[in-house]
Number of protein chains: 2
Amino acid sequence: MAVKRISNENDMKLCVVMVGLPARGKSYISQKIVRYLSWLSIGCKCFNVGNYRRVLGVDKPKYGFFDFDNMASYHVREAALEMAFKDITEWFDGNSDSDNIDNTGHSNGSLTHSVAILDATNSTRERRDWILQRCHEHGIQPMFLESWCDDPETIAANIKDIATTSPDYEGQDECSASQDFKKRIENYKSVYSSLNTADDKSLTFVKLINISHEIVINRIETYLQSRIVFYVMNIRIRPKCIWLSRHGESIYNVEQKIGGDSSLSERGLKYAAKLRELINENVENNERLSVWTSTLCRTQQTAQYLPYEKLEWKALDELDAGVCDGMTYEEIEDVYPEDFKARDDDKYEYRYRGGESYRDVVIRLEPVIMELERQENVLIITHQAVLRCIYAYFMNVPKEESPWVSIPLHTLIKLEPRAYGTKVTLIKANIPAVSTYKEKGTSHVGESTDAEGAHNMLVNAPEMTQ
Amino acid sequence: MAVKRISNENDMKLCVVMVGLPARGKSYISQKIVRYLSWLSIGCKCFNVGNYRRVLGVDKPKYGFFDFDNMASYHVREAALEMAFKDITEWFDGNSDSDNIDNTGHSNGSLTHSVAILDATNSTRERRDWILQRCHEHGIQPMFLESWCDDPETIAANIKDIATTSPDYEGQDECSASQDFKKRIENYKSVYSSLNTADDKSLTFVKLINISHEIVINRIETYLQSRIVFYVMNIRIRPKCIWLSRHGESIYNVEQKIGGDSSLSERGLKYAAKLRELINENVENNERLSVWTSTLCRTQQTAQYLPYEKLEWKALDELDAGVCDGMTYEEIEDVYPEDFKARDDDKYEYRYRGGESYRDVVIRLEPVIMELERQENVLIITHQAVLRCIYAYFMNVPKEESPWVSIPLHTLIKLEPRAYGTKVTLIKANIPAVSTYKEKGTSHVGESTDAEGAHNMLVNAPEMTQ
């Protein structure tokens, strides 16, 4: 549902105020929300108060710094919060005169920069009242998002993670870092007030208890708020793998035509057989796997030898090229030269006549992403443009770059989403295929390549994203 | 996301067990869920225990019947619950051998008959434990859905509604019915245990507090559960109007072609001007109105004179006729005779080559419906097939019939969703237009009509649905 807002309306500025003890996954949740909203073209940025404290010179504090009776450090932490909040208001204001086009898929608010996340413990009512007051002064809607957790395993994993990766503990051994960090948590515990519907009944808030085990939702009113709530409701923290593959080489690929519903070429059929081997070799024996395909026959043929549960999704169908369906890029350049250029100039936004843009595909993929967040192991066999959009979500590829990511045929991609990024592994089938990558400004697609041609794959994305 | 399930999997049987005092909107919420899930082709049925009690002969009980110390009546109410539950298990089992196709847009479960709603007060833990035990014995997933409410206005409105419409009070004056009903509520209050995360932490439940003011969610695990939660989160009870209109007559309409992106005819432009008048006359002065159009120019031209906030939704674009886009029905019958017949045989499921089916349109409209539930007054200017799908949602038209509902050009439709149905009013613009209604089994569309031609409109839908 791409939506274009035509009339003017006041910008909606939403500040998601994180609440929770250290090691409760606040930064993890913040990062996921940023990635999700950014992928939907909703401007979103995270402001981590710890980073501001480090800017103020306190870059490797011991736990005593977080003693709430320590007035000197209290003032530093207050100053860090003020800096963060100042940046939030500037970030909102600096963009309030931006265009009033809303293609976010929603009809409520959400102009270019709409969601700031204030990532800090915000553990006392006093602190939260200060934030409320400031939000009120700046016309910002506050929404509190608490992560409350008493699951020892989750907390231990988070402590280990922070002790080994936080700049606060850089250069320290894990053991002493963990010990210090546990004492820091105790300091916060002594002043922590959790949100509750008695004391905080007038606030808009969501409280996640042990991730999605129990959720309390209070005064959620706008579309954007409910969208964020629905997303965090669906977050799971079990480790999993997402496997991605394009269909095998199709007859249309060989003929350099786009769209259509053609069958696999002989080499494409070989890939279908090989895919079963690749999956067998790489998926643990006892792991369940769901195979998702589009409704088009080339993806179903590619999945035909896989002995797993299969689902067909219409939402996984290739980007609809409208009047250009079935044409080669050369023919398109010939028949619709202006469209051809317009698409190269802004490939993400360009909508084929009677067809779709990348933005349209992202919007229709949103429920697929939501379901992927909930699921364990999934293999998705789909099409070039659709894979680019899914890949962009997991790898945080900026939307302008996502339509240009090279994803060759006959290659299996393994994504492992982890707390602070997604690990990607490429597994080549070593079965030659044509290249279908069209470089900007040309109507030529790459030369036929052997499996080595995959070297330029994914050049636009880092191997590990955050 | 139409999804087709290919492999077998155990049926998922979900029983939504309503909880709450009388007059807390349980039946209203139950009916809305049935309508929503049915529209998405998820088999859903409500089992109201009060109806079973009436079948057992207790059809006009006084409040004393609901005294929990009255053992005789206790046994009747127990028997009614047992009858209801027996019907639920038979309803599930009678369909467990149905086909394993899932086109519901989800990948989790949801075969043909998947959600039973047990609509009763279920106000004691003892009663709920009995239900839990039975669900367990029959392989049914229980999900409790409590409506807790202390808002005097909402309760008073519900009491009035029940006193005037419930079969329990048929023939009684409103005043004495209300008095009796209030005493009935007091009887329930004396034994009522609300769900809470301490005593009920092992249960899957949602607790709505004053509709969507505050929501507690516990152990929501499956997709279908989270889908229902998201839907009830978005329910609002403020009265509102949904205005629907097709675009004005287009050049393609005149030429009897389907699809395309043509402009309005001269008569279509007249309708655009007239629409402003009709809206002015019918919408209260101080009411806000949002105008939603598709991305196609004929809907935007139709909206051009309306002085309201406007939104363009890609999801409101006309059903994509794929290879048949731009053809007349006669041409389609000529070129694709088998497809033409297949579409007539099952118009809801038929997907145009390279295009969409009605089911596909319903799935992409789902976020529009969700947003309509949240919004106040909205005017939607869109296309024949899309309007049929939206109309089917509000008027509860069975999916097989929905593609055949006649919705003529140049007619404004006013929908007023109310607690127990949707009121529909037709407002004709009295501007002639061609008919675009194609009867089953022919390739002819209706003769050109004047405004009187609208007499056969909406023949397949009752004026007031429940």
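Reading the values: the criteria
Residues numbered from 1 in each chain as written. Chains lettered and ligands numbered in written order. Predicted model: local features only at pLDDT ≥ 70, side-chain atom pairs only at ≥ 80, totals over all residues. Heavy atoms only, no water. Phe/Tyr/Trp six-rings, centres within 6.5 Å; stacked < 30°, edge-to-face > 60°. Helix = DSSP H or I, 4+ residues; strand = E, 2+ residues; numbered from the N terminus. Lys NZ or Arg CZ within 6 Å of the ring centre and 35° of its normal. Core = buried A, V, L, I, M, F, W, Y, C linked by side-chain atoms within 4.5 Å. Buried < 20%, exposed > 50% of the residue type's maximum accessible area, 1.4 Å probe, protein only. Contact = heavy atoms within 4.5 Å. Domains from an automatic or database assignment. Buried area = accessible area lost by both parts, 1.4 Å probe. Salt bridge = Lys/Arg side-chain N within 4 Å of Asp/Glu carboxyl O. Pairing = 2+ DSSP bridges. Expected span 1.5 Å × (residues − 1). Patch = residues over 30% accessible without salt bridge, like charges linked within 9 Å, V, L, I, M, F, W, Y side chains within 5 Å. Areas by Shrake-Rupley, 256 points an atom, 1.4 Å probe, with all protein chains shown as cover. Lys, Arg positive; Asp, Glu negative; His and termini not counted. Charge placed at Lys NZ, Arg CZ, Asp CG, Glu CD. Axes fitted to C-alpha atoms, helices over the stretch in contact; angles between N-to-C directions. Parallel < 35°, antiparallel > 145°, perpendicular 65-115°, else oblique. Left-handed = near helix turned anticlockwise from the far one by under 90°. Nonpolar A, V, L, I, M, F, W, Y, C, P; charged D, E, K, R; others polar. UniProt positions renumbered as here; feature names shortened; annotations may be inferred. Polar contact = N/O pair within 3.5 Å; in protein donor to acceptor, adjacent residues only side chain to side chain. Arc of directions from axis to C-beta.

1. Comments concerning the packing of aromatic side chains
All names here are of chain A.
Now for step 1: Applying the stated criterion across every chain yields a total of 25 aromatic pairs over all chains.
Now for step 2: Each ring, one from Y36 and one from Y231, has its centre 4.0 Å from the other, and the planes form 5°; the classification is stacked. Here the residue Y36 occupies a position in helix α1 (residues 26-39), and Y231 occupies one in helix α7 (residues 223-233), the gap between them amounting to 195 residues.
Now for step 3: An aromatic cluster is built from F65, F66, F68 and Y188, whose rings are joined through pairwise contacts.
Now for step 4: Taking the ring centre of Y329 as reference, the NZ or CZ of K438 above it sits at 5.8 Å.

2. Points about the nonpolar core
Within soluble globular proteins, side chains that are nonpolar tend to cluster in buried spots.
Now for step 1: Counting 158 residues, the largest nonpolar core has A:V115 and B:V115 as its most contacted members.
Now for step 2: With near-sequence residues (within four places) excluded, B:V115 lies in contact with B:L14, B:V16, B:L37, B:I42, B:G43, B:C44, B:K45, B:W91, B:F92, B:L224 and B:I228.
Now for step 3: If you look at the next biggest cluster of nonpolar residues, it comprises 64 residues, including A:L21, A:A84, B:C15 and B:F68.

3. Here's the deal with the domain arrangement of chain A
Residue and element names in this part refer to chain A.
Now for step 1: Once the domains are mapped, chain A shows domain 1 (11-232) and domain 2 (241-465).
Now for step 2: Taking only C-alpha atoms into account, the centre of domain 1 sits 35 Å from that of domain 2.
Now for step 3: In this assembly, 15 residues from domain 1 lie in contact with 19 residues from domain 2.
Now for step 4: Here domain 1 packs against domain 2, burying approximately 1600 Å² in sum over the two surfaces, 60% of which is carbon and sulfur.
Now for step 5: Taken together, the links from domain 1 to domain 2 amount to two salt bridges.

4. Some details on unusual backbone geometry
Glycine aside, a negative phi is what most residues show, and trans is what most peptide bonds show.
All names here are of chain B.
Now for step 1: Positive phi is not limited to glycine here, since N122 has a value of about 40°.
Now for step 2: Within the fold, N122 resides in the loop between β4 (113-119) and α4 (125-137).
Now for step 3: Taking relative accessible area as the criterion, N122 reaches 1% and is therefore assigned buried.

5. Some remarks on the pairing of strand β7 (residues 214-218) of chain B
Now for step 1: Burial analysis of β7(B) places five of its five residues in the buried class, which makes it a mostly covered element.
Now for step 2: Burial of β7(B) is two-sided: the residues B:E214, B:V216 and B:N218 facing one way and the residues B:I215 and B:I217 facing the other way are all buried.
Now for step 3: Bridge count between strand β7 (residues 214-218) of chain A and β7(B): five bridges; the pairing is antiparallel. Within β7(B), the position partnered with A:N218 by the bridge is B:E214.

6. Structural notes on helix α6 (residues 174-189) of chain A
Residue and element names in this part refer to chain A.
Now for step 1: Spanning 16 residues, α6 covers 22 Å between terminal C-alpha atoms, matching the ideal 22 Å at 1.5 Å per step.
Now for step 2: All of the buried residues in α6 are A177, S178, D180, F181, R184, I185, N187 and Y188.
Now for step 3: Taken together, the buried residues of α6 touch α2 (49-55), α3 (71-93) and α5 (152-165).

7. Points about a negative patch on the surface
Residue and element names in this part refer to chain A.
Now for step 1: The grouping of E330, E331, E333 and D334 at the surface amounts to a negative patch.
Now for step 2: Within the fold, E331 resides in helix α11 (residues 329-335).
Now for step 3: The class of E331 is partly exposed, set by a relative accessible area of 38%.

8. A short note on the packing of helix α1 (residues 26-39) of chain B against helix α7 (residues 223-233) of chain B
Residues and elements named next belong to chain B.
Now for step 1: Packing of α1 against α7 brings their axes to within 11 Å, and their N-to-C directions diverge by 120°. Classified by the angle their axes make, α1 and α7 are oblique. Here α1 and α7 pass one another in a crossing that is right-handed. Residues I29, K32, I33, Y36 and L37 of α1 form the contact with α7, whose own contacting residues are R227, I228, Y231 and V232.
Now for step 2: Taken together, the residues of the contact of α1 with α7 sort by class into seven nonpolar, no polar and two charged.

9. Here we look at the pairing of strand β8 (residues 242-246) of chain B
Residues and elements named next belong to chain B.
Now for step 1: With five of its five residues buried, β8 lies for the most part within the structure.
Now for step 2: Side-chain alternation along β8 places I242, L244 and R246 on one buried face and W243 and S245 on a second face that is also buried.
Now for step 3: Here β8 pairs with strand β12 (residues 411-418) via four bridges, running antiparallel. Bridge pairing in β12 links I242 to L415.

10. A look at the packing of α1(A) against helix α14 (residues 384-395) of chain A
Residue and element names in this part refer to chain A.
Now for step 1: Where α1 contacts α14, the axes come no closer than 9 Å and their chain directions differ by 150°. Classified by the angle their axes make, α1 and α14 are roughly antiparallel. Helix-helix and strand crossings are classified by hand; for α1 and α14 the assignment is right-handed. Mapping the contact onto sequence places R35, Y36 and W39 in α1 and C389, A392, Y393 and F394 in α14.

11. A closer look at the UniProt feature "binding site: substrate" (unreviewed entry) in chain A
All names here are of chain A.
Now for step 1: Following the UniProt record, one finds the feature "binding site: substrate" (unreviewed entry) at R246, H247, G248, E249, S250, I251, Y252, N253 and R298. Spanning 53 residues, the named residues nonetheless gather at one spot, since no C-alpha pair among them exceeds 14.2 Å.
Now for step 2: Among the structural elements, S250 can be located in the loop between β8 (242-246) and α8 (251-254).
Now for step 3: Its relative accessible area of 1% is what places S250 among the buried residues.
Now for step 4: Apart from the residues within four sequence positions on either side, S250 is in contact with S262, S263, L264, S265 and R298.
Now for step 5: Relative to the helices and strands, I251 resides in helix α8.
Now for step 6: Note on I251: relative accessible area 37%, which makes it partly exposed.
Now for step 7: With near-sequence residues (within four places) excluded, I251 lies in contact with S262, S263, L264 and S265.

12. A word on the environment of B:D168
All names here are of chain B.
Now for step 1: Within the secondary structure layout, D168 lies in the loop between α5 (152-165) and α6 (174-189).
Now for step 2: Overall, the relative accessible area of 2% leaves D168 in the buried class.
Now for step 3: C-alpha of D168 to C-alpha of E78: the two residues are 90 residues apart in sequence and 18 Å apart in space.
Now for step 4: At a separation of 2.5 Å, a polar atom in the side chain of D168 contacts the side chain of R54.

13. A word on α4(B)
Residues and elements named next belong to chain B.
Now for step 1: Spanning 13 residues, α4 covers 18 Å between terminal C-alpha atoms, matching the ideal 18 Å at 1.5 Å per step.
Now for step 2: Restricting attention to buried positions, one finds in α4 the residues R127, R128, I131 and C135. Considered in projection along α4, the buried side chains sweep an arc of 95° and stay on one side of the axis. Exposed side chains of α4 directed beyond 90 degrees from the buried face belong to E126 and H136.
Now for step 3: Phi turns positive one or two residues past the end of α4, at G139, with a value near 65°.

14. Observations concerning the side chain of B:S123
Residue and element names in this part refer to chain B.
Now for step 1: Relative to the assigned elements, S123 resides in the loop between β4 and α4.
Now for step 2: Looking at S123, the relative accessible area reads 3%, which means it is buried.
Now for step 3: Apart from residues no more than four positions distant in its own chain, S123 is found in contact with F68, R128, Y188, V191, Y192 and S193.

15. A word on the pattern of salt bridges
Now for step 1: Following the criterion strictly, the structure yields 51 salt bridges over all chains and no others.
Now for step 2: In this structure, B:E90 engages B:K86 in a salt bridge whose closest nitrogen and oxygen atoms are separated by 3.2 Å. With B:E90 and B:K86 both in helix α3 (residues 71-93) and four residues apart, the pair spans about one turn of that helix.
Now for step 3: Using a relative accessible area of 44% as the deciding quantity, one classes B:E90 as partly exposed.
Now for step 4: One salt bridge in this structure joins B:D199 and B:R125, with 3.9 Å as the shortest N-O distance. In this pair, B:D199 is assigned in the loop between α6 and β6 (205-209) and B:R125 in helix α4, connecting sequence segments 74 residues apart.
Now for step 5: Residue classification places B:R125 among the partly exposed positions, given a relative accessible area of 25%.
Now for step 6: Because the salt bridges share partners, they merge into one network encompassing A:R53, A:R54, A:D168 and A:R184.

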